[in-house]
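Given next are the chains, with one letter for each unit.
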2 protein chains.
Amino acid sequence: MPTMIPNRHLFGPGPSNPYPEATAALGYPLLGHLDPDFITRLDNTCEGLRRVWGTTNSRTLPLSGTGSLGMETAFVNTLSKGDVAVIAVNGLFGQRMCEVASRCGAEVVRVDHDFGQPIDVERVAAAHPNPTVIAAVHAETSTGVLSDIKALGSVKGDALLIADAVTSIGGSELRADDWGIDVGYAGTQKCLGVAPGLAPFTISDAAFSRRVETPQSWYMDLGLLGGYVGGNSGGGRTYHHTAPVAMVASLEAALDRITAEGIENAWARHEAAGRKLQTGLQDMGLDLFAAEGHRLPQLTTVKVPDGVDSAAARAFLLTNFDIEIGGGVGEYADTVWRIGLMGPNANDASVALLLGAIEEAIKNA
Amino acid sequence: MPTMIPNRHLFGPGPSNPYPEATAALGYPLLGHLDPDFITRLDNTCEGLRRVWGTTNSRTLPLSGTGSLGMETAFVNTLSKGDVAVIAVNGLFGQRMCEVASRCGAEVVRVDHDFGQPIDVERVAAAHPNPTVIAAVHAETSTGVLSDIKALGSVKGDALLIADAVTSIGGSELRADDWGIDVGYAGTQKCLGVAPGLAPFTISDAAFSRRVETPQSWYMDLGLLGGYVGGNSGGGRTYHHTAPVAMVASLEAALDRITAEGIENAWARHEAAGRKLQTGLQDMGLDLFAAEGHRLPQLTTVKVPDGVDSAAARAFLLTNFDIEIGGGVGEYADTVWRIGLMGPNANDASVALLLGAIEEAIKNA
């Protein structure tokens, strides 16, 4: 146990600080994973997840792992050996999709974009005449870019659309059913305001009926997991694995709070805080990295000013302000900062604190 | 959020109630997964895990999923298509091993035993002349039976020995290095006294060097995960996925407590409590299910008395005493109870409470 527990402002690309309700729920007395009270909690959690996904899919549930498990679950249940997967790549998580899909034995058709740019929907749609799946990242955590999943859904044809909503869920408009998302996965540790460890997941009935019957992974087999949340055709519940009950209680509490605020109000709050931060950074003379018009409010990417050592400035923020911000990814590791305002941190106080602290860091680091 | 939070005695097969330190740590302010303070916490957690595993393996870490993810990680990294896996089956989790191994494309040589019996080491060793792996469950959660992994290790030959220690870790003598365990996986929610959600995992250097180079799973790829805990050959840390930081903090706190108690003292405490419960149940005229001499102290299986409705009695315990015990598994679903005394529940008070409550339940349910 640490002797002095740090109290960080988590303004990086995630995890964010959780909502207080989510933290409190972690400390509730534990319930067994088969307890009737836990089943009620799990059902309420799945109902809350349907609201933030914008879906009525019965198979909407928190997977027992992080967002990357959600990604692999999406591909392993939809791709058989030799199937074609068209994957839009405009950042690290699109790259990861290619790696994961290829391990399913799929033929990956990769559509590359410059980092910092949104996906080009027409180019992705034209990449292959008849893919099994088309996959794209809604909000690229590595670059701070929002892509138009709704437009991609309108041109997907017979392909299943897989969307990564790890950083968008709870912070950006997301309407899985209206946009034609067949399979979606997310994380809890960004705009949902919960600690990392669960992957909110949704799959439509149509996609479920086209799933791989016996996927190479047992842990991620949606045919078995469907029973776990009572979504199988028989309607009964079947034991699959021991649910991470404390984390589910925490997610439920955060979703209840988001419901009380209203999901559209939560989106607007993230939008307002992010735009205010971006304006403030530009007023300080800094240049934003993501393409204008496609910038995520909840995750701002900004170029490290000339003459400033990125790592030194981040260490200065951590030491003097207990503030964590993120470095860049790949070739931008030392030249871009990633600054998150997610969940409870999407507010004016965080913006004021960040702008003041960053100004000092640039001067002193 | 529930309006009245139940306060259960979790005396089933798991999850158990957590240690108070583990619950408190869940509420600590969250750290980023790349925070230098978190890295210290993670290193301390891995060190604590080495103590409860009885190993010096550098690649000993909490995987970001439940015990079943640990099982799949063990097989997916050791079995290529066509490899032979000899699997001892004396309960549900041995059966699950066969399913998981076959999804890796392995040829599974299944060695069946009656439920309630320990594995027959000689028969397992003789099942195939040259298997890639031999796998067995140390403490079968479905039957309450302890098997002799040390003896299996002494006859494994060139095979890699995979051991399931989900229910034994922290509660029964476990010496991975001395016994020749090459790959081991466990869970947090039993005798370690932490909520479910992490899979303590260990793999020896020798087994790591014989691993599948590109396993079919990206999320479970130990070649990538080695870097995540600084155990890769270069010594540096690499980003793989966002660690479930709150759960890791909780595990660390429980391991610190177990270290303070002394792991051998923790084993002895589980032994004393379990034997006292078993004697008490027999004194009430009940019959134990697991074979004598091979009974787990931390998980007692007992036959439901004639004329008693298993589900009604369990509902009576839940309603009147806030006590959860487990039903049986498979064909024993309605004829066996599974009663756990794990982690903080392995004590005289739990035994007294259970014996009194079960006596009432049998009379009144």
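In this convention, every chain numbers its residues from 1, walking through the sequence in written order. The naming scheme follows written order: chains are lettered A onward, ligands numbered 1 onward. Reporting of local features is limited, given that this is a predicted model, to residues whose pLDDT is at least 70; pairs of side-chain atoms are given and counted only at 80 or more, and all residues count toward the totals for whole chains, interfaces and linings. The basis for the side-chain values is all heavy atoms of the structure; hydrogens and waters are excluded.

### Let's talk about the overall build of chain A
Secondary structure is summarised from DSSP: a helix means a run of H or I of at least four residues, a strand means a run of E of at least two, and numbering begins at the N terminus for each. What chain A contains, in helices and strands, is 13 helices and 14 strands. Only the C-alpha atoms count toward the radius of gyration. The rule for a globule is 2.2 Å times the residue count to the power 0.38. Scaling as 2.2 N^0.38, a compact globule of 365 residues should have a C-alpha radius of gyration of about 21 Å, and chain A matches this with 20 Å. Dimensions of chain A, computed from the C-alpha atoms along their principal axes, are close to 65 × 50 × 35 Å. Counting only residues that meet the buried cut, chain A has 63% of its 365 residues in that class. For this analysis, residues touch if any pair of their heavy atoms sits within 4.5 Å. Long-range contacts, defined as pairs at least 24 residues apart, comprise 69% of the intrachain contacts of chain A with a sequence gap of at least 6. Burial status follows relative accessibility: with a 1.4 Å probe on protein chains alone, a residue under 20% of its type maximum counts as buried, one over 50% as exposed, and anything between as partly exposed.

### Points about the packing of aromatic side chains
Side-chain rings of Phe, Tyr and Trp, where Trp is taken by its six-membered ring, are said to pair if the distance between their centres is within 6.5 Å; with planes under 30 degrees apart they count as stacked, over 60 as edge-to-face, and otherwise as tilted. Per the stated rule, a full pass over the model turns up six aromatic pairs over all chains. Clustering of aromatic rings is evident, with ring pairs tying together F115, F289 and Y332 of chain A.

### Overview of the environment of V111 of chain A
Residues and elements named next belong to chain A. Relative to the helices and strands, V111 resides in strand 4 (residues 107-112). On the basis of relative accessibility, which here comes to 5%, the residue V111 falls in the buried class. Sequence separation between V111 and W179 is 68 residues, and the spatial gap between their C-alpha atoms is 21 Å. In this structure, V111 is in contact with V86, I87, A88, V89, R123, V124 and A127, ignoring residues within four places of it in sequence.

### Focus: the relation of the copies chain A and chain B
Of the transformation superimposing chain A on chain B, the axial component is 0.0 Å and the angular component is 180°, with the fit at an RMSD of 0.0 Å. Both copies are brought into coincidence by an operation consistent with a two-fold rotation axis. Identified as the residue of chain A closest to the rotation axis by C-alpha distance is G65 of chain A, at 2.4 Å. With an isologous cut-off of 70% or more, the 100% of interface residues of chain A that recur at the interface of chain B puts this contact in the isologous class. Least-squares superposition of the copies uses the C-alpha atoms of those residues scoring a pLDDT of at least 70 in each of them.

### With respect to the pairing of strand 11 (residues 299-303) of chain B
All names here are of chain B. Of all five residues making up strand 11, four are buried, and the element is well covered by its neighbours. A pair of strands is labelled paired if DSSP reports no fewer than 2 bridges between them. Bridge count between strand 11 and strand 14 (residues 336-340): five bridges; the pairing is antiparallel. Counted as the bridge partner of T300 is I339 from strand 14.

### Details of the nonpolar core
Nonpolar side chains in soluble globular proteins generally cluster together in the buried interior. Counting residues in each nonpolar core, the largest one holds 172 residues, and the members touching the most others are F75, I87 and F201 of chain A together with F75, I87 and F201 of chain B. When residues no more than four places from it in sequence are discounted, the contact partners of F201 of chain B are W53, R59, T60, L61, L63, G70, T73, A74, V183, G184, Y185 and L222 of chain B. What we call a nonpolar core is a set of buried Ala, Val, Leu, Ile, Met, Phe, Trp, Tyr and Cys residues that are connected through their side-chain atoms within 4.5 Å.

### Section: the sheet that holds strand 8 (residues 160-164) of chain A
Residue and element names in this part refer to chain A. Judged by pairing direction, the sheet is mixed, and its seven strands sit side by side in the order 2-10-9-8-5-3-4 without closing on themselves. Strands with a single pairing partner mark the edges of an open sheet, and in this sheet they are strand 2 (59-63) and strand 4. Geometrically, the sheet is characterised by an average inter-axis angle of 15° between neighbouring strands, direction not taken into account. In terms of strand pairing, strand 3 (residues 84-89) meets strand 5 (residues 133-137) through three bridges, oriented parallel. The partner of V86 across the bridge, within strand 5, is I134. Each axis is a line fitted through C-alpha atoms, and for a helix only the stretch in contact is used; angles between axes span 0 to 180 degrees, taken between their N-to-C directions.

### Considering the domain arrangement of chain A
All names here are of chain A. When its domains are assigned, chain A resolves into domain 1 (9-15 + 263-364) and domain 2 (20-260). What marks off one domain from the next here is an automatic or database domain assignment. A separation of 27 Å is found between the C-alpha centroids of domain 1 and domain 2. Contact residues are listed per partner, giving 23 residues for domain 1 and 28 residues for domain 2. Two parts placed together each lose some accessible area under a 1.4 Å probe, and adding up what both lose gives the buried area. Summed over both partners, the interface of domain 1 with domain 2 comes to about 2,100 Å²; 65% of that surface belongs to carbon and sulfur atoms. When the buried area of domain 1 at its contact with domain 2 is split by residue, I263, W267 and L296 rank highest and sum to 28% of it. Any carboxyl oxygen of Asp or Glu within 4 Å of a side-chain nitrogen of Lys or Arg constitutes a salt bridge here. Summed over the shared surface of domain 1 and domain 2, the result is one salt bridge. Between R175 and E264 there is a salt bridge, with the nearest N and O atoms lying 3.2 Å from each other. Mapped by element, the contributors of at least two residues to the side of domain 1 that touches domain 2 are helix 11 (263-283) and strand 11 (299-303).

### Brief notes about the packing of helix 2 (residues 36-53) of chain A against helix 10 (residues 245-261) of chain A
Residue and element names in this part refer to chain A. Interhelical geometry of helix 2 versus helix 10 gives an angle of 45° and a closest axis separation of 9 Å. With respect to helix 10, the axis of helix 2 lies oblique. Along this stretch, helix 2 crosses helix 10, giving a crossing that reads as left-handed. Judged by residue contacts, F38, R41, L42, N44, T45, G48, L49, R51 and V52 of helix 2 engage V245, V248, L251, E252, L255, D256, I258 and T259 from helix 10. Under this scheme an angle from 65 to 115 degrees is roughly perpendicular, one under 35 degrees roughly parallel, and one over 145 degrees roughly antiparallel; angles in between are oblique. With the far helix as reference, a near helix turned anticlockwise by less than a right angle produces a left-handed crossing, and one turned clockwise produces a right-handed crossing.

### Comments concerning the pattern of salt bridges
Inspection of every chain in the model, using the stated rule, returns 34 salt bridges over all chains. Note that D35 of chain B and R8 of chain A form a salt bridge whose closest N and O atoms lie 2.5 Å from each other. Here D35 of chain B is found in the loop between helix 1 (20-26) and helix 2 (36-53), whereas its partner R8 of chain A is found in the segment before strand 1 (9-10) on a different chain. In this pair, the class of D35 of chain B matches that of R8 of chain A, namely buried.

### Things to note about the interface of chain A and chain B
Each partner contributes to the interface: chain A provides 63 residues, whereas chain B provides 63 residues. For the pairing of chain A and chain B, the buried interface totals around 5,100 Å² over both sides, and the portion due to carbon and sulfur atoms is 62%. The tally of links between chain A and chain B comes to six salt bridges. Each polar contact in these results corresponds to two N or O atoms within 3.5 Å; when the atoms are within protein, one needs to be able to donate a hydrogen and the other to accept it, and residues that are neighboring in sequence are counted only if both atoms are side-chain atoms. In this assembly, chain A and chain B are joined by 21 residue pairs in polar contact (both at pLDDT 80 or more). Counting residues per element, the ones that place at least two in the side of chain A that touches chain B are helix 1 (20-26), helix 2, helix 3 (67-76), helix 4 (92-103) and helix 10 of chain A. The leading source of residues in the side of chain A that touches chain B is helix 4 of chain A, at six residues. For the side of chain A that touches chain B, the residue count by class is 31 nonpolar, 20 polar and twelve charged. Amino acids outside the nonpolar list (Ala, Val, Leu, Ile, Met, Phe, Trp, Tyr, Cys, Pro) and the charged list (Asp, Glu, Lys, Arg) are all regarded as polar, and Gly is one of them.

### Focus: the sheet that holds strand 10 (residues 199-203) of chain B
All names here are of chain B. If you trace the seven strands from one edge of the open sheet to the other, you get 2-10-9-8-5-3-4, paired in mixed fashion. Every other strand in the sheet has two partners, leaving strand 2 (59-63) and strand 4 (107-112) as the edge strands with one partner each. Each strand of the sheet is rotated relative to its neighbour by a mean of 15°, with strand direction disregarded. Pairing geometry for strand 2 and strand 10, over five bridges, is antiparallel. Among the inter-strand pairings, L63 is bridged to a residue of strand 10, identified as A199. Sheet strands in contact with helix 2 are strand 2, strand 9 (183-185) and strand 10, and its direction is about 110° off that of strand 2.

### Things to note about helix 12 (residues 310-321) of chain A
Relative to the 16 Å expected for twelve residues at 1.5 Å per residue, helix 12 of chain A spans 16 Å between its end C-alpha atoms, a close match to the ideal helical length. Taken together, the buried positions of helix 12 of chain A are S310, A313, F316, L317 and L318 of chain A. Those residues of helix 12 of chain A that are buried are in contact with strand 12 (323-324), strand 14 (336-340) and helix 13 (348-364) of chain A together with helix 2 of chain B. Two or three places before A311 of chain A, at the opening of helix 12 of chain A, D309 of chain A has a side-chain oxygen 3.2 Å from that residue's backbone nitrogen. A helix's residues, less one, multiplied by 1.5 Å, set its expected span.

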